[in-house]
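# Structural description and commentary
Chain by chain, the residues run as shown.
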Amino acid sequence: MFIDSHCHINFPELAARMPEILAKMAENRVTHALCVSVNLPEFPSVLALAEQYPHIYASVGVHPDYEDTPEPTVEQLVQLADHPKIVAIGETGLDYYRLEGDLEWQRERFRTHIRASRATGKPLIIHTRAASADTIRILQEEGAGVDQGGVAGVMHCFTETLDVALAAVEMGFYISFSGIVTFKSAKDLQAVAQALPLDRILIETDSPYLAPVPFRGRVNEPGYVAHVAEFLATLKDVPLPDIAAATTANFHTLFKTGA
Ligand SMILES: [Zn+2]
Ligand SMILES: [Zn+2]
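Residues numbered from 1 in each chain as written. Chains lettered and ligands numbered in written order. Predicted model: local features only at pLDDT ≥ 70, side-chain atom pairs only at ≥ 80, totals over all residues. Heavy atoms only, no water.

## Details of the nonpolar core
If you look at the biggest cluster of nonpolar residues, it comprises 69 residues, and the most contacted ones within it are I9, L139, M155, F173, F177 and L232. In terms of residue count, helix 9 (residues 225–236) provides more of this core than any other element does, seven residues in total. Sequence-distant contacts of L139, defined by excluding residues within four places in its chain, comprise F110, I114, L124, I126, A144, G145, Q148, M155, M171 and F173. By size, the runner-up hydrophobic cluster in this structure holds 13 residues, among which are I3, A88, V154 and L202. (Core = buried A, V, L, I, M, F, W, Y, C linked by side-chain atoms within 4.5 Å. Buried < 20%, exposed > 50% of the residue type's maximum accessible area, 1.4 Å probe, protein only. Helix = DSSP H or I, 4+ residues; strand = E, 2+ residues; numbered from the N terminus. Contact = heavy atoms within 4.5 Å.)

So this is what it looks like as C-alpha cells:
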C-alpha cells in the first residue's frame, strides 16, 4: 500500500478524469492522496475533492510561483485550515528559479504560512527551488522546527543536496521524493535518497507534472507513485513492502491522519 503525499488532482487535466484516476490508484494499491493547494481562488476545488472522497486529503496555501494572486493572511489560512480533511499548510516556500527580481514578497508569504502552521498545529508542505539557504534560514527564524515549538512538515519534490536534507531533518522535517528521483540524470538526488533513513522519507507524484520512469513525459497521476516506491526499493536495496510500510507510516505520523 502506498500514499501519494503530494498531487494536484484538482487541475483540469486530472479533475476531468477522476473515475479513471481512482481506478488506477486502486489497481496500484495507492490508498490515499494529498491534494495540495496552490492559491486561494482554486482552493474550493481542492477542498471539494477531499470532501467528496474519503481517501483524498487536502492542504491550504499559496504557492511561491503565483505572483498575481490574492495574498493570504495568517488569520485567513488558520480559518481555512479549520477542517478535518485539511491536514497541512502549503504548498509554500521559495522559488528563485521560476521568478526573478525582488522576491521579498515570496519570503513574506512564506513567513505567513509558517505562522499559520504554528497557530494551527498543522505541518508545512515546502516547495524550494534554487533557494535552499533562504528556505532553511526563514524556517529557523520563524521557529518552524519541532525543536523550536513548530510542527515541521515536508520538503516536497526534493532536488537539493544531502546537506540541505539533513538540515531539514534536524528540524524534524520529512523529505519527499517525486518521479525526478527515477530519472537517469538524477544521480546526485539518488545518492541523497540512498543516504536518508527510511523513517524520514515520503513519496509523491506532484501530478500532473513529473511522471516517473517508465511514464516520463506523460501526464502524471497518483497511481504512478508506486513506481517511485519501486525505484527507491531497488536503489536502497530494501524490500518494496518495507518502503511501502515506512512511507505510509511516515505520512500518517506527519499529517496525523491515523492508520
Ligand atoms: Zn512544488
Ligand atoms: Zn506541487
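## Digging into the coordination of the zinc ion (ligand 1)
Around the zinc ion (ligand 1), the protein supplies E91 (OE), H127 (ND1) and H156 (NE2) as donor atoms, at distances of 2.0 to 2.1 Å. Taken in sequence order, the residues that donate to the zinc ion (ligand 1) follow the motif E-x35-H-x28-H. In this structure, the zinc ion (ligand 1) lies 3.4 Å away from the zinc ion (ligand 2), the two metals sharing E91 as a donor. Taken together, the residues H127 in strand 5 (residues 124–129) and H156 in the loop between strand 6 (153–155) and helix 7 (162–170) connect sequence positions 29 residues apart. (Donors = N, O, S within 2.8 Å, 3.2 Å for Na, K, Ca; no water.)

## Quick word on helix 5 (residues 104–120)
For helix 5, spanning 17 residues, the distance from its first C-alpha to its last is 25 Å, which sits close to the expected 24 Å at 1.5 Å a residue. Regarding helix 5, the residues found buried are Q106, R107, R109, F110, R111, T112, H113, I114, A116 and S117. Remark: G121 follows helix 5 within two positions and exhibits a positive phi of approximately 75 degrees. (Expected span 1.5 Å × (residues − 1).)

## Comments concerning the pattern of salt bridges
Enumeration according to the criterion identifies 12 salt bridges in this entry. Across the salt bridge formed by E142 and R111, the nearest N and O atoms sit 2.8 Å from each other. Remark: R111 occurs in helix 5 and E142 occurs in the loop between helix 6 (132–141) and strand 6; sequence separation between them is 31 residues. Under the relative-accessibility criterion, E142 is labelled buried at 12%. For the salt bridge of E142 with R115, the shortest nitrogen-to-oxygen distance reads 2.8 Å. Here R115 lies in helix 5 and E142 lies in the loop between helix 6 and strand 6, a separation of 27 residues in the sequence. Residue classification places R115 among the partly exposed residues on the basis of a relative accessible area of 39%. A cluster of three or more residues bridged by salt bridges with shared partners is formed by E104, R107, R111, R115, D134, R137, E141 and E142. (Salt bridge = Lys/Arg side-chain N within 4 Å of Asp/Glu carboxyl O.)

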